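# Observations on chain architecture
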Amino acid sequence: MATKPAGTRRVLVTTPIYYVNDRPHLGHAYTTVAADFMTRAHRLLGREVFFLTGTDEHGEKVAETARANGKSPIEHCDEVVAGFRDAWKALHIEYDRFIRTTEEAHVRGVTQLLERLHRATGPDGQPVIYEGEYRGLYCTGCEKFLSGRDMEDGRCPIHPTKEPREITERNYFFRLSAFLEQLKIKIESDEIHIRPENRKREVLGLFAQGLDDFSISREKVEWGIPLPFDLSQTAYVWVDALSNYITGIGFGSDSNSYNRWWNDSFVLHLMAKDILKFHSIFWPAMLMAVGEKTPDAMFIHGYLTLVDQKMSKSLGNVIKPDAWVADFGVDGARYLLTTIFRFGQDGEIREDTLREKYNADLANDFGNLVSRAAKMVLGHFDGYIPEPDYSGAEEQALKAIVADAGRKFAEAVDDVDPNHAVEAALSIAREANRYFDHAAPWTLAKERRMDRLAGVLGVTMEAIYACAVHLSPVLMVKIPEVLRTLGYTEAEIDARLRKGQSIAAPAGRQITKAPPFFPRVDKLGTKIEPEKKEKAKTDGVITIDEFFAAKLKTAEVLAAEKVEKADKLLKLQIQIGEEKRQIIAGIAEFYQPAELVGRTIIVVSNLQPAKIRGIESNGMLLAARHGKTLRLVTTDGEIPSGAEIG
């Protein structure tokens, strides 16, 4: 299969399936709008496309979140899935299949894949699956076993507020080592085409660091798919989730559909960089083990950042997709998500940048051009679009620019580069604006040079049509409105935009009055700032994420004294690991300063510093109180200061 879809008839476009521990945010929309754009763009180029997205609904984290909210796992999943469907509907995302990993067809397909893996042998004739014991750290946040090289400061870099859990389990393992040599060759040769290039280098760097066999099961997790060869084990959530790419198109249920969209198509996976290892190494290795085709291409985009942090539910700095739709409209929201940053790089969300780009590109360059040209056609030619006149050098130059933009658009789509594809389309509007202003049709009308005026307006309208067609994968609400204004029928619009068919040029069509397609946006109704987390629905209940947001550590009391003119307060000097701090505690009624020196207490170490009676307090100790009795929370044996609790 080719490393790019140019020349291929069919394309399968996928997003990751999104984890249902919480509602969708703009980071999810970023990937999904990009996939929707790629789907529509490939169709515009005359290809058949299948767009697959969905939700990942199994695993320990889902069960814990459901339990914390007083729901069963499937009740929780149903509620969150509805939120994803509503968000994609609001953004006019048109997927061909929304897969849920709790569906019977998916469970059946995963079971079949696991059975085949269990029977499979590697190139050396040894079984692919073997039984073993895992001892080490596990991040519940991303359902991932952690090695030392996966962590930063002893924590998962994606979930720094969560303390990794040390677990010991009997698991089944996939013998990744048997496939590394072949897999590396596929990646180096671009048989599996990983882009951007720096992500390909990152993956090849993992081979140099060393890659371990990985677990395909969990022993103590009930919410998932049982292993068909050992019902006491549950399929590891990543094995379950990655399989959606084939179960969603018929693996295990419809062989004709599976062959059509996997074996006979160009397979393109889109994802964020935090799940690169699973997709580029684990997933193709499993497919190789059972003799199935590996994906053709993977494009790994960057993070949307807000206040210099990755947008993440666990950090609470998320923006809901419907907030952008409310401010910019469906097409404006889609346009900004597609173009605000180079696809593949991180990008900071800034209100001023959003407004400026929307107003410059859509309100001015495109929307204003359509309105000005349409008004002159209505005013001077009874609404009938004149024939273009390409006899002049300027007209020939614009015609060449339009043709070149179409070529650049197709190249950018094949390169999985939405930014440059849209830029190529918008370059037509910018050049047409320059042409329109230089030709000065208002002067031609005043001088009654009607033949010249007709030719100029005809050329401008053809450029507008070409621009509109190439903007349609991102502006999929307004562009049909523009084409209807230019006199195109619904059948013609569908044939061109959804089926990639050629239709007649705009000359001779009767246009209608053009509304302001993209009114300027001067102020956002939604403030671009971290979203406030909702309180738990059940009074007094918090989520596991909220619990781990508080960092509890042991601390040794070095010194203690009463706070002057405060009967209830003591000032403590404490040591947390290598760090010395001062805290103020309201325990003077219960403890004398001398009683506390040398004790090991438990403190909240990441509490924002505050001033109490004008004295800085950097932390808070934990104590239990019942009636008139108060006791410090401490350890039941010796342990160094700075030890983490959780």
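Parameters and conventions
Residues numbered from 1 in each chain as written. Predicted model: local features only at pLDDT ≥ 70, side-chain atom pairs only at ≥ 80, totals over all residues. Heavy atoms only, no water. Helix = DSSP H or I, 4+ residues; strand = E, 2+ residues; numbered from the N terminus. Contact = heavy atoms within 4.5 Å. Areas by Shrake-Rupley, 256 points an atom, 1.4 Å probe, with all protein chains shown as cover. Axes fitted to C-alpha atoms, helices over the stretch in contact; angles between N-to-C directions. Parallel < 35°, antiparallel > 145°, perpendicular 65-115°, else oblique. Nonpolar A, V, L, I, M, F, W, Y, C, P; charged D, E, K, R; others polar. Salt bridge = Lys/Arg side-chain N within 4 Å of Asp/Glu carboxyl O. Buried < 20%, exposed > 50% of the residue type's maximum accessible area, 1.4 Å probe, protein only. Pairing = 2+ DSSP bridges. Polar contact = N/O pair within 3.5 Å; in protein donor to acceptor, adjacent residues only side chain to side chain. Expected span 1.5 Å × (residues − 1). Core = buried A, V, L, I, M, F, W, Y, C linked by side-chain atoms within 4.5 Å. Left-handed = near helix turned anticlockwise from the far one by under 90°. Arc of directions from axis to C-beta. pLDDT = per-residue confidence, 0-100.

### Things to note about the overall build of the protein
Helices and strands together make up the secondary structure of the protein, namely 20 helices and 27 strands. Contacts in the protein between residues far apart in sequence, at least 24 positions, make up 75% of those at least 6 positions apart. Of the roughly 28,000 Å² that the protein leaves accessible, carbon and sulfur atoms contribute 48%.

### Regarding the packing of helix α13 (residues 393-414) against helix α14 (residues 418-439)
Between α13 and α14, whose axes approach to 7 Å, the crossing angle comes to 170°. One way to sum up the angle between α13 and α14 is to call them roughly antiparallel. Here E394, E395, L398, I401, V402, A405, K408, F409, A412 and V413 of α13 come into contact with α14, specifically with H420, A421, A424, S427, I428, E431, A432, Y435 and H438. For the contact of α13 with α14, the per-class residue count stands at 12 nonpolar, 3 polar and 4 charged.

### A short note on the pattern of salt bridges
Applying the stated rule across the entire model yields 44 salt bridges. For D230, the salt bridge identified is with R170, shortest N-O distance 3.4 Å. Of this pair, D230 sits in strand β12 (residues 230-235) while R170 is found in strand β7 (residues 165-174), placing the two residues 60 residues apart along the sequence. Residue classification places D230 among the buried positions, given a relative accessible area of 13%. Across the pair E411 and R407 runs a salt bridge, and its minimum N-O distance is 3.1 Å.

### Here we look at the pairing of strand β3 (residues 48-56)
With 8 of 9 residues buried, β3 is to be regarded as a mostly interior element. Note: strand β1 (residues 10-14) against β3, 5 bridges, orientation parallel. Looking at β3, one finds that L12 is bridged to F50. Note that strand β2 (residues 18-19) and β3 share 2 bridges and pair parallel. Residue pairing for β3: Y19 is matched across the bridge by D56. Pairing of β3 with strand β4 (residues 97-100) involves 4 bridges; the strand directions are parallel. Its bridge partner lying in β4, G54 is registered against I99.

### Things to note about the side chain of Q233
Checked against the element boundaries, Q233 lands in strand β12. Among the polar contacts made by the side chain of Q233, one reaches the main-chain carbonyl oxygen of R170 at a distance of 2.7 Å.

### Description of the pairing of β1
Counting buried residues along β1, 5 of its 5 residues qualify, which places the element largely inside the surrounding structure. Side-chain alternation along β1 places R10, L12 and T14 on one buried face and V11 and V13 on a second face that is also buried.

### Overview of helix α16 (residues 450-471)
The terminal C-alpha atoms of α16, which comprises 22 residues, lie 31 Å apart, in line with the 32 Å expected from a rise of 1.5 Å per residue. Burial analysis of α16 places 19 of its 22 residues in the buried class, the great majority of the element.

### Remarks on the environment of L52
Following the sequence through the fold, L52 ends up in strand β3. Of the residues examined, L52 reaches a relative accessible area of 0% and is grouped as buried. Sequence-wise, L52 and Y95 are 43 residues apart; in three dimensions their C-alpha atoms are separated by 6.1 Å.

### Regarding the environment of E181
Structurally, the position occupied by E181 is in helix α5 (residues 180-188). With relative accessibility at 66%, the residue E181 sits in the exposed group.

### Here we look at the nonpolar core
Grouped together as the largest cluster of nonpolar side chains are 169 residues, with contacts concentrated most on F174, W262, L270 and F366. If you tally residues by element for this core, the top one is α16, at 15 residues. Apart from residues lying up to four places away in sequence, L270 is in contact with V13, T14, T15, P16, T31, A34, A35, M38, F299, F343 and V416. In terms of nonpolar packing, the next biggest core, distinct from the first, is built from 18 residues, I574, I576, I587 and L621 among them.

### Topic: unusual backbone geometry
Only a minority of non-glycine residues have a phi that is not negative, and only a minority of peptide bonds are not trans. Backbone torsion omega between R195 and P196 reads 0°, so that peptide bond is classified as cis. Positioned with a positive phi, D382 is a non-glycine residue whose angle comes to about 55°. By the element assignment, D382 lies in the loop between α12 (351-380) and α13. Exposure remark for D382: the relative accessible area of 63% places this residue in the exposed category.

### Digging into the packing of α16 against helix α17 (residues 478-485)
Close contact between α16 and α17 brings their axes to 9 Å; oriented N to C, the two are set at 155°. Judged by the angle between their axes, α16 and α17 are roughly antiparallel. Helix-helix and strand crossings are classified by hand; for α16 and α17 the assignment is left-handed. Across the interface between the two elements, Y465, A468 and L471 of α16 pack against I479, V482 and L483 of α17. Looking at the contact of α16 with α17 residue by residue, the class counts come to 6 nonpolar, no polar and no charged.

### A short note on helix α4 (residues 104-119)
Compared with an ideal rise of 1.5 Å per residue, which puts 16 residues at 22 Å, α4 spans 23 Å between its outermost C-alpha atoms and is within 8% of the ideal. Among all positions in α4, only H106, G109, V110, L113, L114 and L117 are buried. Within α4, the buried residues cover an arc of 135° as seen down the axis, which keeps them to one side. The exposed residues of α4 that point more than 90 degrees off its buried face are E104 and R119.

### Points about the confidence of the model for the protein
In the predicted model, the protein carries a mean pLDDT of 88, and 89% of its residues have values of at least 70. Of the regions scoring below 50 in pLDDT, residues 530-539 engages in 21 contacts with residues more than four places distant in sequence or in other chains.

### Let's talk about the sheet that holds strand β10 (residues 217-218)
Taken in spatial order, the 3 strands of this open sheet run β10-β12-β11, and their pairing is antiparallel. Where the open sheet ends on each side, the last strands, each with one partner, are β10 and β11 (226-227). Across 2 bridges, β11 lies against β12 in antiparallel orientation. Each residue of the ladder has a partner; that of L227, found in β12, is D230.

### Considerations on the side chain of K293
On the secondary structure map, K293 appears in the loop between α10 (276-289) and β14 (297-301). Of the polar contacts made by the side chain of K293, one reaches the backbone oxygen of S265; its length is 2.6 Å. A distance of 3.0 Å separates polar atoms of two side chains, one belonging to K293 and the other to D296.

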